[in-house]
Amino acid sequence: MSPEKDQLDFHVHDVLAMLAAEDCALTVAGLQRAVVEKFGMSARFSSCSADGMDAKEAIEFLFARQKFFECSPGQFKLNSGNSCGH
């Protein structure tokens, strides 16, 4: 098991960093799968304003904050121009 999967609590910035490193287009389901594969099914995510999110909720949270853009129909990439800088 990877070291990330031994930990259960992460910040959503960890998800953004993972996606920035991968730099590929994914569907919404693909984004969720990538988060689960990297951090584990039991991982929970927090932000400055929310706690206890699972992978699906973390992706929804990031979409609501325009952290992704649709690069082709149904395919999304990280919106690097919309980082929070903290």
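That block above? That's the structure.
Now for a look at the structure at hand.

Definitions and cut-offs
Numbering of residues starts from 1 in each chain and follows the order in which that chain's sequence is written. Local features in this predicted model are restricted to residues whose pLDDT is 70 or higher, and side-chain atom pairs enter the listing and the counts only when it is 80 or higher, whereas totals over whole chains, interfaces and linings include all residues. The side-chain values count all of the structure's non-hydrogen atoms but skip hydrogen atoms and water molecules. Definition used for salt bridges: Asp or Glu carboxyl oxygen within 4 Å of a side-chain nitrogen of Lys or Arg. Secondary structure follows DSSP: runs of H or I at least 4 residues long count as helices, runs of E at least 2 residues long count as strands, and numbering of each begins at the N terminus. Here, axes are lines fitted to C-alpha atoms. For helices the fit covers the stretch in contact, and angles between N-to-C directions go from 0 to 180 degrees. Orientation categories follow fixed angle ranges, with anything under 35 degrees roughly parallel, anything over 145 roughly antiparallel, 65 to 115 roughly perpendicular, and all other angles oblique. Any two residues having at least one pair of non-hydrogen atoms within 4.5 Å are treated as being in contact. Polar here means any residue outside two lists: the nonpolar Ala, Val, Leu, Ile, Met, Phe, Trp, Tyr, Cys and Pro, and the charged Asp, Glu, Lys and Arg; Gly therefore counts as polar. When DSSP finds two or more bridges between two strands, those strands count as paired. Aromatic pairing here means that ring centres of Phe, Tyr or Trp (its six-membered ring) are within 6.5 Å. Orientation follows from the plane angle: under 30 degrees is stacked, over 60 is edge-to-face, and everything else is tilted.

### With respect to the pattern of salt bridges
(1) Moving on: In this structure the tally under the stated criterion is two salt bridges.
(2) Moving on: A salt bridge links aspartate 23 to lysine 77; the shortest N-O distance between them is 3.3 Å. One end of the pair, aspartate 23, is in the loop between α2 (12–22) and α3 (28–39); the other, lysine 77, is in strand β4 (residues 75–78), and 54 residues separate them in sequence.
(3) Moving on: Among the salt bridges present, the one from glutamate 60 reaches lysine 56, with a minimum N-O distance of 2.6 Å. Of the two residues, glutamate 60 and lysine 56 both sit in helix α4 (residues 55–64), four residues apart, roughly one turn of that helix.

### Overview of the packing of α2 against α3
(1) Moving on: One way to put it is that α2 packs onto α3 with a least axis distance of 11 Å and a crossing angle of 105°. On the basis of the axis angle, α2 is roughly perpendicular to α3. Contacts from Asp14, Val15, Met18 and Leu19 in α2 reach Leu31, Ala34, Val35, Lys38 and Phe39 in α3.
(2) Moving on: Residue composition of the contact of α2 with α3, grouped by class: seven nonpolar, no polar and two charged.

### Focus on the pairing of strand β3 (residues 68–72)
(1) Moving on: Judged from the four bridges that link them, β3 and β4 form a sheet pairing that is antiparallel. Among the inter-strand pairings, serine 72 is bridged to a residue of β4, identified as glutamine 75.
(2) Moving on: A loop of two residues connects β3 with β4, the two strands running antiparallel in sequence, and glycine 74 in this loop sits at a positive phi of about 80°.

### Regarding the packing of aromatic side chains
(1) Moving on: In the structure shown here, the tally under the stated rule is five aromatic pairs.
(2) Moving on: Every member of this aromatic cluster is reached through a ring pair, and the members are Phe10, Phe39 and Phe45.

### A closer look at the packing of α2 against α4
(1) Moving on: Between α2 and α4, whose axes approach to 11 Å, the crossing angle comes to 80°. The orientation of α2 with respect to α4, classified from their angle, is roughly perpendicular. On the side of α2, the interface is formed by Val12, Val15 and Leu16, while α4 contributes Ala58, Ile59, Phe61 and Leu62.
(2) Moving on: Along the lines of polarity and charge, the residues of the contact of α2 with α4 split into seven nonpolar, no polar and no charged.

Functional significance is not addressed by these values, which are geometric in nature.
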